[in-house]
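Here are the chains, one letter per residue:
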Amino acid sequence: MSKIVTVYERFYAQNPVPNNPPREKIYNNAFKSLVGVTLSAQTKDERTAEACANLFAHAETPEEILALDIDKLKQLIRPAGMYNNKAKNLRLMSEQLLQRHGGAVPNDREQLMQLAGVGRKSTDIMMRFVFNEPAIAVDTHVHRISNRLGIAKTKAEHKTAEILEQDTPDKYRWGAHEWLIDHGKYICRARSPKCDQCMFTDLCDYYKEKHNEVDEQSTSLSA
Ligand code: SF4
C-alpha cells in the first residue's frame, strides 16, 4: 500500500468524513466568498475578516466595488495588507466577472483561475467550500505536512496540490483538506511539531531524519 493511502486510512479511522457538503462555508454568496478568499492571501484570518467587514458594509457586488473610489477601496481593505495590489485586483476581477460572466462567479476551475488575483489555492478553496467539489486546497499547513510525511516532496504549494490531486483516492477526497489542515494546526505545527502525539512517526520522513540526527549525535558523543 502506498504511503499516502496509509496516511489517509489512519485519518479516516480516527475521523471519517461523510461524503457530503463541507463543514464550513465562507460567506453567504459566491462573490463575497471569492473576495474573502482573495483578500486572505498572506494575512491572518482575523485581518481578512476585518477587511471584509469594512468592504461589505459599502460594497457587496462587482458593480458596487467598481463604483467605489480606488482610495476608498484601499482604505477599506487595508487591514488585509498588500492593499494597493489587492484593490487593483479586486477592481479588475470585478470587471472580468461582469464582462465574461454577467457578474456571476463561474463554477469552473479554469475560468476561476483566469480571474485577477485568483490562483490555484483560491480556486481550490472556492471549489471546495462554495461549489462543493472535493478539491484539496493546499495552504502552508498542507504543504508542510505533505513534505514532512513525504507524500509530496516539493518546494511550491501548487506542485504539492498537483501531487495530492493526482494521488488522493476518491474515498478520501472529502476528508483530505480538513484532515491535513487540522493536523498542521494542532499536531504538526511549523515550529514545534508534537511528534509525541502523532500517529505517523513510523511513516514520517521528517521524524526519521530528526531521530537519525539525534542518534548520530549521541553515538558520536559516546564514542
Ligand atoms: S511525526 Fe512529527 S513531523 Fe511527522 S507528521 Fe507527525 S508531528 Fe509532523
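Residues numbered from 1 in each chain as written. Predicted model: local features only at pLDDT ≥ 70, side-chain atom pairs only at ≥ 80, totals over all residues. Heavy atoms only, no water.

Colleague: Can you help me understand the overall build of the protein chain in this one?
Modeller: A tally of helices and strands in the protein chain yields twelve helices and zero strands. For the protein chain, the α and β elements follow one another from N to C terminus as α-α-α-α-α-α-α-α-α-α-α-α. Its C-alpha atoms put the protein chain at 70 × 40 × 25 Å along the principal axes. The buried share of the protein chain, taken over its 223 residues, is 42%. Accessible surface, the protein chain: about 11,900 Å² in total, of which carbon and sulfur atoms supply 48%. Of the side-chain charges in the protein chain, 31 are positive and 30 negative, and the distance between the mean point of each set is 3 Å. (Helix = DSSP H or I, 4+ residues; strand = E, 2+ residues; numbered from the N terminus. Buried < 20%, exposed > 50% of the residue type's maximum accessible area, 1.4 Å probe, protein only. Areas by Shrake-Rupley, 256 points an atom, 1.4 Å probe, with all protein chains shown as cover. Lys, Arg positive; Asp, Glu negative; His and termini not counted. Charge placed at Lys NZ, Arg CZ, Asp CG, Glu CD.)

Colleague: What is the right way to read the site of the ligand from this model?
Modeller: The immediate surroundings of the ligand are formed by Arg148, Leu149, Ile187, Cys188, Pro193, Cys195, Cys198, Thr201, Cys204, Tyr206 and Tyr207. Taking a 2 Å distance to the grid points as the criterion, the majority of the atoms of the ligand fall inside the largest cavity. Grouping the constituent residues of the shell around the ligand by class yields nine nonpolar, one polar and one charged. (Near = heavy atom within 4 Å. 1 Å grid on protein atoms, 1.4 Å probe; cavity = no way out; pocket = protein on both sides within 12 Å on 5 of 7 lines; lining within 4 Å. Sits in = over half its atoms within 2 Å of the grid points. Nonpolar A, V, L, I, M, F, W, Y, C, P; charged D, E, K, R; others polar.)

Colleague: Please explain empty space enclosed by the protein as it appears in this structure.
Modeller: Empty space left among the atoms is revealed by rolling a probe the size of a water molecule over them. The tally for this structure, following the rule as stated, stands at one cavity of 30 Å³ or more. Quantified by volume, the largest cavity comes out at close to 110 Å³. In terms of lining, the largest cavity is formed by 15 residues, of which the most central are His183, Cys188, Cys195, Cys198 and Cys204. At the level of secondary structure, the elements contributing two or more residues to the lining of the largest cavity comprise helix H9 (140-149) and helix H12 (205-222). Looking at the lining of the largest cavity element by element, the count peaks at three residues for H9. Classifying every residue of the lining of the largest cavity by side-chain character gives eleven nonpolar, two polar and two charged. (Points joined across faces, edges and corners; volume = space filled by probe spheres on them.)

Colleague: I would appreciate a short explanation of unusual backbone geometry in the present structure.
Modeller: Located in the positive-phi region is Gln42, a residue other than glycine, with phi close to 55°. Summarising the element assignment, Gln42 is placed in the loop between helix H2 (30-39) and helix H3 (45-56). Residue classification places Gln42 among the exposed positions, given a relative accessible area of 74%. Unusually for a residue other than glycine, Asn132 sits at a positive phi of about 55°. Structurally, the position occupied by Asn132 is in the loop between helix H8 (120-129) and H9. Judged by its relative accessible area of 27%, Asn132 is partly exposed.

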